[in-house]
Amino acid sequence: MARTRALNQWPSVATQEPIDYTRDSSKVLAEGVVRRPRICSGRPKIVAAIPCYNEEAFIGDIVQQVRRYVDEVIVVDDGSRDATAAAARAAGAIVLKHETNKGYGEAIGSCFKAARDLDADILVTLDGDKQHTASEIPAVVEPVVRGEADLAIGSRFLSPDHQKDMPRYRRLGIKIITWLLNVGSKTKVSDSQSGFRAYSRRLVDTLQVSQKGMGISVEVIARARRAHLAIREVPITCIYHRESSTMNPLTHGMSVALATLRCRGAL
């Protein structure tokens, strides 16, 4: 990547306080939020995007934490019925709101579009339910910054300690889906369902995806393989809260497994 540098060549981002917005009418973006200057010059512009649905309880804290490590934070509110959008905006995020709940795939598509609109060099996505740790953003983006990957995936399975709190049914489901994605492929991944990822500008600009639901996670990997884009994984931690999804775990797992098979067959 033409404009990347190794993370160890940058001033420390983790110790910086969030940068205040400057009211400049020429730079006002959606929802009245103002574009911030880069955290430090001479390194790629990093934009974080958080797709979420009814995450009023968590989103404000997440945005404030993530802002320490990136240049902009986008929250894609996928038709929430609570005050998710207001809480995200108050915390300093640019909010893109779907009027109805369109699904995770559509929300990720909006994240990609926002990254292009903001001229991002690197896009980072993470979940809006406080499962992911913002301080791990530098580690997740590092392979992309170094030009070693176009897609970096934060994996919960690279360290035994990181998966010990994962519900057993979820661990089994992820392993089955990941096996379906990996079988016969030279490029293996350990965690096909992780939403904590970093994407290069090249991937964001060129990859065309079609899945509207959770199948987007495997479709991105399958299409990146097809395009011969480099994929790397980075160990991450994950905090599991009490299950709040209204979707039956079996139904959810089957739908993603079928999406995986469709992606493999189509590609």
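Caption draft 1: Representation of the sheet that holds strand 6 (residues 197-200) within the structure. Strand order across the open sheet formed by seven strands is 3-2-1-4-6-5-7, with mixed pairing between neighbours. One side of each edge strand has no neighbouring strand; the edge strands of this open sheet are strand 3 (94-98) and strand 7 (231-235). Averaged over all pairs of adjacent strands, the angle between strand axes in this sheet comes to 20 degrees, irrespective of strand direction. In the sheet, strand 5 (residues 151-155) pairs with strand 6 via three bridges, with the strands oriented antiparallel. Across the sheet, the residue bridging to Ile153 is Arg197, located in strand 6.

Caption draft 2: Layout of helix 6 (residues 168-182). With 15 residues, helix 6 should cover 21 Å at 1.5 Å per step; its first-to-last C-alpha distance of 21 Å lies within 8% of that length. Residues of helix 6 that are buried: Arg171, Ile174, Ile177, Thr178, Leu180, Leu181 and Asn182. Count one or two residues on from helix 6 and you reach Gly184, which has phi positive near 80 degrees.

Caption draft 3: Fine view of the environment of Arg223. Take Arg223: it is sitting in helix 8 (residues 216-226). Residues Arg223 and Val209 lie 14 residues apart in sequence; the distance between their C-alpha atoms is 7.9 Å. Polar contacts involving the side chain of Arg223 include one to the main-chain carbonyl oxygen of Gln208, which spans 3.1 Å.

Caption draft 4: Layout of empty space enclosed by the protein. A full pass over the atoms with the stated rule returns one cavity of 30 Å³ or more. Looking at the largest cavity, its volume works out to about 50 Å³. In terms of lining, the largest cavity is formed by Tyr104, Ile108, Thr125, Ser194, Gly195, Arg197, Tyr199, Ile216, Ser217 and Val220. If you list the elements that add at least two residues to the lining of the largest cavity, you get helix 3 (104-117), strand 6 and helix 8.

Caption draft 5: Expanded view of helix 3. Over its 14 residues, helix 3 extends 20 Å from the first C-alpha to the last, a length consistent with the 20 Å expected when each residue adds 1.5 Å. All buried positions along helix 3 are accounted for by Tyr104, Gly105, Ala107, Ile108, Ser110, Cys111, Phe112, Ala114 and Ala115. Just downstream of helix 3 lies Asp119, where phi reads positive at about 60 degrees.

Caption draft 6: Representation of the pattern of salt bridges. Enumeration over the complete set of coordinates arrives at eleven salt bridges. Close ionic contact of Arg201 with Asp121 constitutes a salt bridge, the shortest N to O distance being 2.8 Å. Remark: Asp121 occurs in the loop between helix 3 and strand 4 (122-125) and Arg201 occurs in helix 7 (residues 201-206); sequence separation between them is 80 residues. Residue classification places Asp121 among the buried residues on the basis of a relative accessible area of 5%. The partner of Asp150 in a salt bridge is Arg202, and the shortest N-O contact between them spans 2.6 Å. Of this pair, Asp150 sits in the loop between helix 4 (137-145) and strand 5 while Arg202 is found in helix 7, placing the two residues 52 residues apart along the sequence.

Caption draft 7: Quick peek at the state of the cysteines. Applying the stated criterion across every chain yields a total of zero disulfides. As a non-bridged cysteine, Cys52 has Cys111 as the owner of its nearest cysteine sulfur, 9.0 Å distant.

Caption draft 8: Seen up close, the nonpolar core. Among the nonpolar cores identified, the biggest contains 32 residues, and Ile74, Leu151, Tyr199 and Leu203 are the most heavily contacted of them. Among the secondary structure elements, those contributing two or more residues to this core are strand 1 (46-52), strand 2 (72-78), helix 3, strand 5, helix 6, helix 7 and helix 8. Top contributing element to this core by residue count: helix 3, with seven residues. Sequence-distant contacts of Leu151, that is, excluding residues within four places in its chain, are made with Arg197, Ala198, Tyr199, Leu203, Val220, Ile221, Ala224, Ala230, Ile231 and Arg232. Counting residues in hydrophobic clusters, the runner-up holds 30 residues, among them Ala93, Val141, Val144 and Ala198.

Caption draft 9: Structural context of the layout of surface pockets. By volume, the second largest pocket is sized at about 200 Å³. At the level of elements, helix 3 and helix 7 are the ones that each hand at least two residues to the lining of the second largest pocket. Element by element, the count of residues in the lining of the second largest pocket is highest for helix 3, at six residues. When grouped by side-chain class, the residues that make up the lining of the second largest pocket number four nonpolar, six polar and four charged.

Caption draft 10: Structural context of unusual backbone geometry. Here the phi dihedral of Asp119 falls at roughly 60 degrees; this positive angle occurs in a residue that is not glycine. Within the fold, Asp119 resides in the loop between helix 3 and strand 4. Of note in this structure, His228 is not a glycine but carries a positive phi near 60 degrees. You can call His228 exposed: its relative accessible area is 74%.

Cut-off values and rules
The residue count restarts for each chain, going from 1 along the sequence in the order it is written. Local features are withheld for residues below a pLDDT of 70 in this predicted model, meaning they are given only at 70 or higher, and side-chain atom pairs are given and counted only at 80 or more; totals for whole chains, interfaces and linings count all residues. Processing note: side-chain calculations cover all non-hydrogen atoms of the structure and skip hydrogens and water entirely. Whether two strands pair comes down to DSSP finding at least two bridges between them. Helix and strand definitions follow DSSP, with helices as H or I runs of at least four residues and strands as E runs of at least two, each counted in order from the N terminus. Here the axes come from fitting lines to C-alpha atoms, over the contacting stretch only for helices, and the angles between their N-to-C directions go from 0 to 180 degrees. One less than the number of residues in a helix, times 1.5 Å, gives the span that helix is expected to have. Residue burial is assigned from relative accessible area. The probe radius is 1.4 Å, only protein chains are included, and a residue is buried under 20% of its type maximum, exposed over 50%, and partly exposed in between. Counted as a polar contact is a pair of N or O atoms within 3.5 Å, where, for protein atoms, one must be capable of donating a hydrogen and the other of accepting one, and residues adjacent in sequence contribute only when both atoms are in side chains. The rule is simple: put a 1 Å grid over the protein atoms alone, call a set of points where a 1.4 Å probe fits but cannot get out a cavity, call an open set with protein on both sides within 12 Å along at least five of seven lines a pocket, and count a residue as lining if it has an atom within 4 Å of a point. Grid points are joined across faces, edges and corners, and a volume is the space filled by probe spheres set on the points. One speaks of a salt bridge when a side-chain nitrogen belonging to Lys or Arg is within 4 Å of a carboxyl oxygen belonging to Asp or Glu. Criterion for a disulfide: a pair of cysteine sulfur atoms at a distance within 2.5 Å. Nonpolar cores are built from buried Ala, Val, Leu, Ile, Met, Phe, Trp, Tyr and Cys residues. Side-chain atoms within 4.5 Å join them into one set. A contact between two residues is defined here by any heavy atoms of the two lying within 4.5 Å. Three categories are distinguished: nonpolar for Ala, Val, Leu, Ile, Met, Phe, Trp, Tyr, Cys and Pro, charged for Asp, Glu, Lys and Arg, and polar for the others, with Gly belonging to the last.

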